[in-house]
Amino acid sequence: MIVTGIQPTGTPHIGNYLGAIKPLIALQAEDEDTYAFVADYHAITADFDPKALRSNSIGVAALLVASGFDTSRGRVFFQSDIPEHLELAHILGCTAARVGQLNRMTTFREKMDAATEKESGETPSLGLYSYPVLQAADILAYQDDKGKPTRVPVGSDQSQHLNFAIDVAQSFNHRFGQTFIIPEPVISCTPRIMSLFDASKKMSKSDPDDMNRINLTDDADRIRKKFRKATSDSLYIPLTVEEIGDRAELRNLLTIYGAFAELTFEESLDTFAGKGFGPLKAALTDVVVEKLEPIQTRYRELIVDPLFGHSLRMGAMAAGILAAETTARVRETIGLSDSAPAALEERFNLVVPNYDK
Ligand code: AQP
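Quantities reported herein were computed from a predicted structural model and do not represent experimental measurements.

Helix and strand counts for the protein chain stand at 16 helices and 5 strands. Relative to a compact globule of 357 residues, whose C-alpha radius of gyration would be 21 Å, the protein chain shows 22 Å and is just as compact. Dimensions of the protein chain, computed from the C-alpha atoms along their principal axes, are close to 70 × 55 × 40 Å. Across the 357 residues in the protein chain, those meeting the buried criterion constitute 47%. Considering only residue pairs separated by 6 or more positions, the protein chain has 77% of its internal contacts joining residues 24 or more positions apart. Carbon and sulfur atoms form 53% of the exposed surface of the protein chain, whose accessible area is close to 17,600 Å². Once the 37 positive and 49 negative side-chain charges of the protein chain are each reduced to a mean point, those two points are 2 Å apart.

So, on to a negative patch on the surface. The grouping of Glu242, Glu243, Glu266, Glu267 and Asp270 at the surface amounts to a negative patch. When contributions to the negative patch are tallied by element, the ones reaching two or more residues are helix 11 (241-244) and helix 13 (265-272). With 3 residues, helix 13 is the single largest residue contributor to the negative patch. Among the secondary structure elements, Glu267 is positioned in helix 13.

Glancing now at the pattern of salt bridges. Within this structure, the stated rule accounts for 12 salt bridges. In this structure, the salt-bridge partner of Lys146 is Asp145, at a minimum N-O distance of 3.6 Å. Taking relative accessible area as the criterion, Lys146 reaches 70% and is therefore assigned exposed. Note on Asp145: relative accessible area 71%, which makes it exposed. One salt bridge connects Asp210 with Arg222, and the closest N-O pair in it is separated by 2.8 Å. With Asp210 in the loop between strand 5 (184-187) and helix 10 (220-229) and Arg222 in helix 10, the pair connects residues that are 12 residues apart, well separated along the chain. Exposure remark for Asp210: the relative accessible area of 23% places this residue in the partly exposed category. With relative accessibility at 29%, the residue Arg222 sits in the partly exposed group. Ionic contacts of the salt-bridge type, sharing partners, join the residues Asp210, Arg213, Asp218, Arg222 and Lys226 into one network.

Where helix 8 (residues 131-140) meets helix 9 (residues 159-176), the closest approach of the two axes is 9 Å, and the angle between their N-to-C directions is 70 degrees. In terms of orientation, helix 8 lies roughly perpendicular with respect to helix 9. Note on packing geometry: the crossing formed by helix 8 with helix 9 is right-handed. Contacts between helix 8 and helix 9 pair Tyr131, Pro132, Val133, Gln135, Ala136, Ile139 and Leu140 from the former with His161, Leu162, Phe164, Ala165, Val168 and Ala169 from the latter. Each residue belonging to the contact of helix 8 with helix 9 can be placed in one class, and the counts come to 11 nonpolar, 2 polar and no charged.

Moving on, we come to the packing of aromatic side chains. Counted by the stated rule, this structure contains 8 aromatic pairs. Geometrically, the ring pair formed by Tyr17 and Phe260 is stacked, given 5.9 Å between the ring centres and 15 degrees between the ring planes. Residue Tyr17 is located in helix 1 (residues 14-28), and its partner Phe260 is located in helix 12 (residues 248-261); the two are separated by 243 residues in the primary sequence. Exposure remark for Tyr17: the relative accessible area of 10% places this residue in the buried category.

On to the pairing of strand 2 (residues 34-38), then. Among the 5 residues in strand 2, 5 count as buried, and that is most of the element. With burial as the criterion, each face of strand 2 is covered, one bearing Thr34, Ala36 and Val38 and the other bearing Tyr35 and Phe37. Judged from the 5 bridges that link them, strand 1 (residues 2-6) and strand 2 form a sheet pairing that is parallel. Of the residues in strand 2, the one forming a bridge with Thr4 is Ala36. This β-α-β element, strand 1 to helix 1 to strand 2, shows right-handed connectivity. Pairing of strand 2 with strand 3 (residues 74-78) involves 5 bridges; the strand directions are parallel. Within the sheet, the bridge partner assigned to Val38 lies in strand 3 and is Phe78.

For the ligand, the set of nearby residues contains 20 residues, the closest of which are Thr9, Asp157, Ser204, Lys205 and Ser206. Residue Gln7 places a main-chain N or O atom 3.1 Å away from an oxygen atom belonging to the ligand. One of the side-chain N or O atoms of Thr9 is found 2.6 Å from an oxygen atom in the ligand. Burial of the ligand by the protein amounts to 94% of the accessible area it has alone, namely 640 Å². Among the secondary structure elements, those contributing two or more residues to the shell around the ligand are strand 1 and helix 1. It is helix 1 that contributes the most residues to the shell around the ligand, 4 residues altogether. Among the residues forming the shell around the ligand, the class breakdown is 5 nonpolar, 11 polar and 4 charged.

Reading predicted coordinates in detail is not appropriate for stretches of low pLDDT. This prediction gives the protein chain a mean pLDDT of 92; 94% of its residues lie at or above 70. In the predicted structure, residues 351-357 sits below a pLDDT of 50 and forms 6 contacts with residues beyond four places in sequence or in another chain.

Reading guide: rules and limits
Residues numbered from 1 in each chain as written. Predicted model: local features only at pLDDT ≥ 70, side-chain atom pairs only at ≥ 80, totals over all residues. Heavy atoms only, no water. Helix = DSSP H or I, 4+ residues; strand = E, 2+ residues; numbered from the N terminus. Rg over C-alpha atoms; globule rule 2.2 N^0.38 Å. Buried < 20%, exposed > 50% of the residue type's maximum accessible area, 1.4 Å probe, protein only. Contact = heavy atoms within 4.5 Å. Areas by Shrake-Rupley, 256 points an atom, 1.4 Å probe, with all protein chains shown as cover. Lys, Arg positive; Asp, Glu negative; His and termini not counted. Charge placed at Lys NZ, Arg CZ, Asp CG, Glu CD. Patch = residues over 30% accessible without salt bridge, like charges linked within 9 Å, V, L, I, M, F, W, Y side chains within 5 Å. Salt bridge = Lys/Arg side-chain N within 4 Å of Asp/Glu carboxyl O. Axes fitted to C-alpha atoms, helices over the stretch in contact; angles between N-to-C directions. Parallel < 35°, antiparallel > 145°, perpendicular 65-115°, else oblique. Left-handed = near helix turned anticlockwise from the far one by under 90°. Nonpolar A, V, L, I, M, F, W, Y, C, P; charged D, E, K, R; others polar. Phe/Tyr/Trp six-rings, centres within 6.5 Å; stacked < 30°, edge-to-face > 60°. Pairing = 2+ DSSP bridges. Right-handed = clockwise from strand over helix to strand, strands pointing away. Near = heavy atom within 4 Å. Polar contact = N/O pair within 3.5 Å; in protein donor to acceptor, adjacent residues only side chain to side chain. pLDDT = per-residue confidence, 0-100.

Take a look at the structure:
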């Protein structure tokens, strides 16, 4: 089983695509049972606008499918359709997660430091602090009935949170007996894609300046403009990787080119060695526009297709069955009430199609 999530904090960009979506689709070819959710509960841990949250959530789901996620072999759903994620997070937060571990999470510390630097000094939400506990619940809610570990594909920036989820599972098992199969992180081998203006920062959906990223929905003109304005220098592109040194912007553009053109970093460098940034930016624009074009066409079809909405509810139903089973087992293990929860069909208001007729 494979489980992963993507936050609807904006429109997914080429960093999310190369670091998470593309590897997920490749993994899906090896595994029938894939659960990919739109992490809307996570998206509310930082400032958000309710209307934008809704449209971003639909956008993320549609872009996943438009990028090649196969809904006949896997499920796409909204995290907030499965409140068991929250219930399990509360239980794990009380029984297996420790404040000392959360204090060491670098993502939270960075956001805390940024807030302290702001004039208002307003600190991040409690939800942002406990975000890794919810992430642990997101993963542990899905247990394979044959005892195989759940694989969790993520970008390299998420490995600390994944290790935390493993610690939480081990600590729960240690205290209450074998309950969770220990999950297995699958860290993407694409290096982090960095901002087009400042390659010391990662490309990010929530960056207030849209020019820092290439969104999966950007048209050809916008992509051309963004690459043209991306930070560059007046030096030639060197012949060897070592000579790139601290030219982080160059390294980033060559990485993006290689990933889209299906070349290694060295091959990408060979293609442009001895040239200036101009030819690199032109070729980069061409390859990114070419690769995104079919995704964008499919995306425009999906967002107006009622069958797509139905497939999301069917996805939630399938995911809900697994998450409800796990949560019921955990409730029983720790001695909480065992009243039967509402029938899932009722919860999702679903008329399940009868394919036999
Ligand atoms: N720049 C990146 N390069 C490579 N991989 C990336 N990922 C995110 N940014 C890059 C990977 O995308 C997956 C989904 O991420 P997410 O949406 O759940 O959260 P995130 O990592 O916080 O992504 P963003 O774009 O930076 O969103 P905001 O701005 O909301 O924080 C993850 O597997 C992540 O590693």
